[in-house]
Amino acid sequence: MEQNVGAMDRNVRIVVGIVLGAVGVAVFAGPLSDLGAIVGAIALLVGFVMLGTGLTQQCLLYQLVGIDTGQ
């Protein structure tokens, strides 16, 4: 699969992924437990996907709809 995530998009994905991952961990660790386990699980999942797509610079959704921010 070719890279289809550009530099700015990559940086935003990495930052958002880290923040969502931290929120998910905080939900399960206690400080944000009022948000609920479902919100924590969704935050962790979305954060993991955002971080992964940012680090690899490949997004399957972008490929399916024909978007390429890398050019």
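Residues numbered from 1 in each chain as written. Predicted model: local features only at pLDDT ≥ 70, side-chain atom pairs only at ≥ 80, totals over all residues. Heavy atoms only, no water.

1. Section: the overall build of the protein
So the rule is basically this: Each helix corresponds to a stretch of at least 4 residues labelled H or I by DSSP, and each strand to a stretch of at least 2 residues labelled E; elements are numbered beginning at the N terminus. Each residue is assigned to one of three classes by its accessible area relative to the maximum for its type, calculated with a 1.4 Å probe on protein chains only: buried under 20%, partly exposed between the two thresholds, exposed over 50%. The Shrake-Rupley method, run with a 1.4 Å probe sphere, supplies the accessible areas, and residue values consider only the shown protein chains as cover.
Regarding its fold elements, the protein presents three helices and zero strands. Ordering the α and β elements of the protein from the N terminus gives α-α-α. Each principal axis of the C-alpha atoms in the protein carries an extent, and together these give about 40 × 20 × 15 Å. Taking all 71 residues of the protein together, the buried fraction comes to 27%. Summed over its atoms, the accessible surface of the protein is roughly 4,700 Å², and 70% of this surface lies on carbon and sulfur atoms.

2. Some points on the packing of aromatic side chains
We count it as follows: Note on aromatic pairs: the rings of Phe, Tyr and Trp (six-membered ring only in Trp) are paired at centre separations within 6.5 Å, and the planes decide the class, stacked below 30 degrees, edge-to-face beyond 60, tilted for the rest. In this analysis the charged atom, NZ for Lys or CZ for Arg, is taken to sit over a ring once it is within 6 Å of the ring centre and within 35 degrees of the ring normal.
Taken as a whole and assessed by the stated rule, the structure comprises zero aromatic pairs. In this arrangement the basic side chain of Arg13 is found over the ring face of Tyr62, its NZ or CZ atom lying 4.8 Å from the centre.

3. Focus: the environment of Asp68
Put simply, the rule reads: Note on contacts: a residue pair qualifies if any of its non-hydrogen atoms lie within 4.5 Å across the two residues. Nitrogen and oxygen atoms within 3.5 Å of one another constitute a polar contact, given that in protein one can donate a hydrogen and the other can accept it, and given that sequence-neighbouring residues count only through two side-chain atoms.
Tracing the chain through its elements places Asp68 in the segment after α3 (60-65). Between the C-alpha atoms of Asp68 and Val27, which are 41 residues apart in sequence, the distance is 34 Å. Among all residues touching Asp68, those that are not within four sequence positions of it are Gln3 and Asn4. A polar contact is formed between the side chain of Asp68 and the backbone nitrogen of Gly70, at a distance of 2.9 Å.

4. Re the side chain of Arg13
Structurally, Arg13 is set in helix α1 (residues 7-29). Overall, the relative accessible area of 7% leaves Arg13 in the buried class. Separated by 3.4 Å, the side chains of Arg13 and Tyr62 make a polar contact. If we skip the residues at most four places from it in the chain, Arg13 touches Val5, Met50, Leu51, Thr53, Gly54, Cys59 and Tyr62.

5. Examining a nonpolar patch on the surface
To be explicit about the condition: Every patch collects residues that have over 30% relative accessible area and no salt bridge, joining them within 9 Å if they carry like charges and within 5 Å if they are nonpolar side chains (Val, Leu, Ile, Met, Phe, Trp, Tyr). Salt bridges are defined as contacts in which a side-chain nitrogen from Lys or Arg sits within 4 Å of a carboxyl oxygen from Asp or Glu.
A cluster of nonpolar side chains, namely Met1, Leu60, Leu61, Leu64, Val65 and Ile67, defines an oily patch on the protein surface of about 640 Å² accessible area. Counting through the fold element by element, Leu64 comes out in helix α3. For Leu64, a relative accessible area of 67% corresponds to the exposed category.

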